[in-house]
Amino acid sequence: EPEVTQTPSHQVTQMGQEVILRCVPISNHLYFYWYRQILGQKVEFLVSFYNNEISEKSEIFDDQFSVERPDGSNFTLKIRSTKLEDSAMYFCASRNGDSGSEKLFFGSGTQLSVL
Amino acid sequence: DAKTTQPTSMDCAEGRAANLPCNHSTISGNEYVYWYRQIHSQGPQYIIHGLKNNETNEMASLIITEDRKSSTLILPHATLRDTAVYYCIVRVVGTYKYIFGTGTRLKVLA
């Protein structure tokens, strides 16, 4: 079965540094998402992306965050200047189509640790 | 905010059916109910979804009440590997966001 692939699986960075989390969505999918999960908390929506632009974002997704689809296969999340509270598991997801019943497929996540 | 409410936790004996309830009293007529689960800190895994008819696949069954205000996920023969947090999700009206609530932590006991 096709999968959403995320790299790296773990990322450690110093506070104030920029990080880029990478995702390869399923190849024929059109809608892309980032979610995060702080340890012990629920999965939180960050942003959705369609047709090369952000379609929706949450209040968490402030100016420190950006997303990009630099080529036909990758989807990235950039955090410009990381804070301690950005430490979390970040999940990429993708789906196909627009029928209203499309299921979202998730990657296995990138654990980001900000020191 | 999530449009669903679920019990915080449930236990189930191995080999028995696990019935996980979900309330979604404000669901709109064209919104689907989705169920996902998360094992440890892995990525959420799709289980099943439905609109108004009951659905069954190789993993589970989904029973949706006639008024669509609640549903039940049934794992017919729970195994230890089914221990996970189970999320019932309804899409936000007018958007395609899938908002997770706090889910039900299911523990399957040997």
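Above: the structure in question.
Here, residues in each chain are numbered from 1, in the same order as that chain's written sequence. Chain labels run from A onward and ligand labels from 1 onward, assigned in the order the entries are written. Under the rules for a predicted model, residues below a pLDDT of 70 receive no local features and side-chain atom pairs below 80 are neither given nor counted, while totals for whole chains, interfaces and linings still include all residues. To get the side-chain values, take all heavy atoms of the structure and skip hydrogens and water.

(A) The packing of aromatic side chains, seen in detail. Between 30 and 60 degrees the pair is tilted, below 30 it is stacked and above 60 it is edge-to-face, where a pair is any two Phe, Tyr or Trp rings, Trp via its six-membered ring, whose centres lie within 6.5 Å. A full pass over the atoms with the stated rule returns 18 aromatic pairs over all chains. Between the aromatic rings of Tyr31(A) and Tyr50(A), the centroid separation amounts to 4.3 Å while the plane-to-plane angle is 10°, which identifies the pairing as stacked. Of this pair, Tyr31(A) sits in strand β4 (residues 31–37) while Tyr50(A) sits in strand β5 (residues 44–50), placing them 19 residues apart in sequence. When the centroid spacing of 5.9 Å and the interplanar angle of 25° are considered together, the rings of Trp34(A) and Phe75(A) count as stacked. Taken together, the residues span a long stretch of sequence, with Trp34(A) in strand β4 and Phe75(A) in strand β8 (residues 75–79) at a distance of 41 residues. Accessibility classification places Trp34(A) together with Phe75(A) in one group, the buried group. Grouped by ring-pair contacts, the aromatic residues Tyr33(A), Tyr35(A), Phe45(A), Phe106(A), Tyr32(B), Tyr34(B), Tyr36(B), Tyr46(B), Tyr87(B), Tyr98(B) and Phe100(B) constitute a single cluster. When the NZ atom of lysine or the CZ atom of arginine is within 6 Å of a ring's centre and also within 35 degrees of its normal, the charge is said to sit over that ring. A cation over a ring is seen here: Arg95(A) above Tyr31(A), with NZ or CZ 3.9 Å from the ring centre. Where helices and strands are cited, they refer to DSSP runs of H or I of at least four residues and of E of at least two residues respectively, numbered from the N terminus. Using a 1.4 Å probe on the protein chains alone, a residue whose accessible area is under 20% of its type maximum counts as buried, one over 50% counts as exposed, and one in between counts as partly exposed.

(B) Geometry of the layout of surface pockets. In this analysis, the protein atoms alone were mapped onto a 1 Å grid. Cavities are point sets where a 1.4 Å probe fits without being able to get out; pockets are open sets with protein on both sides within 12 Å along at least five of seven lines; lining residues have an atom within 4 Å of a point. Grid points are joined across faces, edges and corners, and a volume is the space filled by probe spheres set on the points. Considered as a void within the structure, the largest pocket measures approximately 630 Å³ in volume. Taken together, 28 residues form the lining of the largest pocket, with Gln37(A), Gly40(A), His40(B), Val85(B) and Arg105(B) sitting closest to its centre. Elements with a minimum of two residues in the lining of the largest pocket: β9 (88–95) of chain A together with β1 (9–13), β8 (84–90) and β9 (104–109) of chain B. The greatest single-element share of the lining of the largest pocket, amounting to 4 residues, is contributed by β9(B). Space inside the second largest pocket adds up to approximately 500 Å³. Lining the second largest pocket are 22 residues, and of these Glu1(A), Phe105(A), Phe106(A), Gln45(B) and Tyr46(B) lie nearest its centre. The dominant element in the lining of the second largest pocket, judged by the number of residues it contributes, is strand β4 (residues 45–50) of chain B, at 3 residues.

(C) Quick peek at the interface of chain A and chain B. Contacts were defined at the residue level, with two residues in contact if any of their heavy atoms lie within 4.5 Å. In this assembly, 19 residues from chain A lie in contact with 20 residues from chain B. Between chain A and chain B lies a buried interface of about 1,700 Å² when both sides are counted; carbon and sulfur atoms form 56% of it. Counting of polar contacts relies on pairs of N or O atoms within 3.5 Å, with two restrictions inside protein: one atom must be capable of donating a hydrogen and the other of accepting it, and residues adjacent in sequence are counted only when both atoms are side-chain atoms. Counting every contact that joins chain A to chain B gives 5 residue pairs in polar contact (both at pLDDT 80 or more). Of all elements in the fold, only β4 and β9 of chain A reach the threshold of two or more residues within the side of chain A that touches chain B. Classes in brief: Ala, Val, Leu, Ile, Met, Phe, Trp, Tyr, Cys and Pro nonpolar; Asp, Glu, Lys and Arg charged; the others, Gly included, polar. Of the residues that constitute the side of chain A that touches chain B, the class distribution is 8 nonpolar, 5 polar and 6 charged. A 1.4 Å probe defines the accessible area here, and the buried area is the portion of it lost by two parts on being joined, summed over both.

(D) Region of interest: the sheet that holds β8(A). Residue and element names in this part refer to chain A. Strand order in the open sheet made by the 4 strands is β1-β3-β8-β7, with antiparallel pairing throughout. Strands with a single pairing partner mark the edges of an open sheet, and in this sheet they are β1 (5–7) and β7 (65–68). Here the average twist between neighbouring strands, direction ignored, is 20°. Where strand β3 (residues 19–24) meets β8, 5 bridges bridge the pair, whose relative direction is antiparallel. Bridge pairing in β8 links Val 19 to Ile 79. A strand pair is defined by DSSP finding two or more bridges across the two strands. Here an axis means a line fitted to C-alpha atoms, over the contact stretch when the element is a helix, while the angle between two N-to-C directions is reported on a 0 to 180 degree scale.

(E) Region of the structure containing the side chain of Gln6(A). Residue and element names in this part refer to chain A. Positionally, Gln 6 belongs in strand β1. The buried category is assigned to Gln 6, whose relative accessible area is 7%. A polar side-chain atom of Gln 6 sits 2.9 Å from the main-chain carbonyl oxygen of Tyr 90.

(F) Fine view of the state of the cysteines. Here, the term disulfide refers to a pair of cysteine sulfur atoms separated by no more than 2.5 Å. Under the definition given, this model contains 2 disulfides over all chains. The side chain of Cys23(A) participates in a disulfide bridge whose partner is Cys92(A); the two sulfur atoms lie 1.9 Å from each other. Torsion about the S-S bond of the Cys23(A) and Cys92(A) cystine: about -65°, corresponding to left-handed handedness. Residue Cys23(A) is located in strand β3, and its partner Cys92(A) is located in strand β9; the two are separated by 69 residues in the primary sequence. Side by side, Cys23(A) and Cys92(A) carry an identical accessibility label, which is buried. Across a sulfur-sulfur distance of 2.1 Å, Cys22(B) and Cys88(B) are joined as a disulfide pair. The S-S bond linking Cys22(B) to Cys88(B) shows a torsion near -80°; that makes this disulfide left-handed. Within this pair, whereas Cys22(B) is found in strand β2 (residues 18–23), its partner Cys88(B) is found in strand β8, the two being separated by 66 residues in sequence. Residues Cys22(B) and Cys88(B) agree in their burial class; the two are buried. Of all cysteine sulfurs, the one in Cys22(B) lies closest to Cys12(B), which takes part in no disulfide; the gap is 18 Å.

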